[in-house]
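Architecture and fold: a report
One letter stands for each residue in the lines below.
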Amino acid sequence: QVQLVESGGGLVQAEESLRLSCAFSGGTFSNYAMGWFRQVPGKERELVAAISRNGIKTYYFDSVKGRFTISRDNAKNTVYLQMNSLKPEDTAIYYCAAVLTFLPTRVAERYDYWGQGTQVTVSS
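Within any chain, residue numbers begin from 1 and follow the written order of that chain's sequence. Note on the predicted model: pLDDT of at least 70 is required for a residue's local features to be given, and 80 or more for side-chain atom pairs to be given and counted; whole-chain, interface and lining totals, by contrast, use all residues. With hydrogens and water excluded, all non-hydrogen atoms of the structure serve as input to the side-chain values.

Some details on the state of the cysteines
The disulfide criterion is simple: two cysteine sulfur atoms within 2.5 Å. In the structure shown here, the tally under the stated rule is 1 disulfide. Disulfide pairing is shown between Cys22 and Cys96; the S-S distance is 1.9 Å. Residues Cys22 and Cys96 are joined through a disulfide that is right-handed, its torsion about the S-S bond being 45°. Note that Cys22 is positioned in strand E3 (residues 18–25) and Cys96 in strand E9 (residues 92–99), a separation of 74 residues in sequence. Helix and strand definitions here come from DSSP, where helices need a minimum of 4 consecutive H or I residues and strands a minimum of 2 consecutive E residues; each element is numbered from the N-terminal end.

Focus on the nonpolar core
Core analysis: the largest hydrophobic core is formed by 28 residues, its most contacted members being Met34, Trp36, Leu81, Met83 and Tyr94. Secondary structure elements with two or more residues in this core: E3, strand E4 (33–39), strand E5 (46–51), strand E7 (68–73), strand E8 (78–83), E9 and strand E11 (118–123). Once residues within four sequence positions are removed from consideration, Tyr94 is found in contact with Glu6, Leu20, Trp36, Phe37, Arg38, Val48, Phe68, Leu81, Met83, Gly117, Thr118 and Val120. Definition used in this section: a nonpolar core is a set of buried Ala, Val, Leu, Ile, Met, Phe, Trp, Tyr and Cys residues joined via side-chain atoms within 4.5 Å. Remark: exposure states derive from per-residue accessible area (1.4 Å probe, protein chains only) relative to the maximum for the residue type, with buried under 20%, exposed over 50%, and partly exposed in between. Among the nonpolar cores identified, the runner-up in size contains 8 residues, and Phe37, Leu47, Ala108 and Tyr111 belong to it. Residues are treated as being in contact if the distance between any of their heavy atoms lies within 4.5 Å.

Concerning the packing of aromatic side chains
In this scheme Phe, Tyr and Trp rings, the latter by its six-membered ring, pair at centre separations within 6.5 Å, and the angle between planes marks the pair as stacked below 30 degrees, edge-to-face above 60, and tilted otherwise. Scanning the model with the defined rule gives 7 aromatic pairs in all. Judged by centre distance (5.3 Å) and plane angle (50°), the ring pair of Phe24 and Tyr32 falls under tilted. Exposure remark for Tyr32: the relative accessible area of 8% places this residue in the buried category. Their ring planes at 65° and their centres at 6.1 Å tell us that Tyr32 and Tyr113 sit as a pair that is edge-to-face. Note that Tyr32 is positioned in the loop between E3 and E4 and Tyr113 in strand E10 (residues 113–114), a separation of 81 residues in sequence. Taken together through their ring pairs, the aromatic side chains of Phe24, Phe29, Tyr32 and Tyr113 make up a single cluster. Here Arg45 stacks its cationic end above the ring of Trp114, 4.6 Å away from the centre of that ring. Placement of a charge over a ring requires the Lys NZ or Arg CZ to be within 6 Å of the ring centre, with the centre-to-atom vector within 35 degrees of the ring normal. One cation-aromatic arrangement involves Arg72 over Phe29; the distance from NZ or CZ to the ring centre is 4.2 Å.

Overview of the environment of Glu46
Note that Glu46 resides in strand E5. Separated by 49 residues in the primary sequence, Glu46 and Tyr95 place their C-alpha atoms 9.8 Å from one another. Residues in contact with Glu46, not counting those within four places in the same chain, are Trp36, Phe37, Arg38 and Phe61.

Quick look at the sheet that holds E7
The strand order E1-E3-E8-E7 describes an open sheet built from 4 strands, whose pairing is antiparallel. Each edge of the open sheet is held by one strand with a lone partner, namely strand E1 (3–7) and E7. Averaged over all adjacent pairs, the angle separating strand axes in this sheet is 15°, with direction ignored. Should DSSP find at least two bridges between two strands, the strands are regarded as paired. Where E1 and E3 come together, 5 bridges link them in antiparallel fashion. What sits directly across from Glu6, in E3, is Cys22. A fitted line through C-alpha atoms serves as each axis, taken over the contacting stretch for helices, and the angle formed by two N-to-C directions is quoted from 0 to 180°.

Some thoughts on the pattern of salt bridges
When a carboxyl oxygen of Asp or Glu is within 4 Å of a side-chain nitrogen of Lys or Arg, the pair counts as a salt bridge. Under the counting rule described, the total for this entry stands at 4 salt bridges. The closest approach of N and O atoms between Lys65 and Asp62, which form a salt bridge, is 3.1 Å. Per residue, the accessibility class of Lys65 equals that of Asp62, and both read exposed.

What follows is the structure in structure tokens.
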């Protein structure tokens, strides 16, 4: 059974950086496109960034373009989200997700596996 475990969240001040990691196990990582989502209470889960199976194609939510970078290391079965110039509105629980396709999708319901989430809090 595929498992995803996020790490790297925490409390930072505005304009600081964090790097989230998501470790994949229980399957063939390179068969999955990966996404990072975030959710705040009362709102729907939204796609922050996503990456294709081979790491060539990436997608970003408009509000994080130029600040966040998604990457993956298929040899280490890990996907990363580098978050720079963090803003208080980036505060959320961040989840990684895996979908058994070449390209990722924005639709959360189409993802096959989810991690437990990691809290990111940005103070002003």
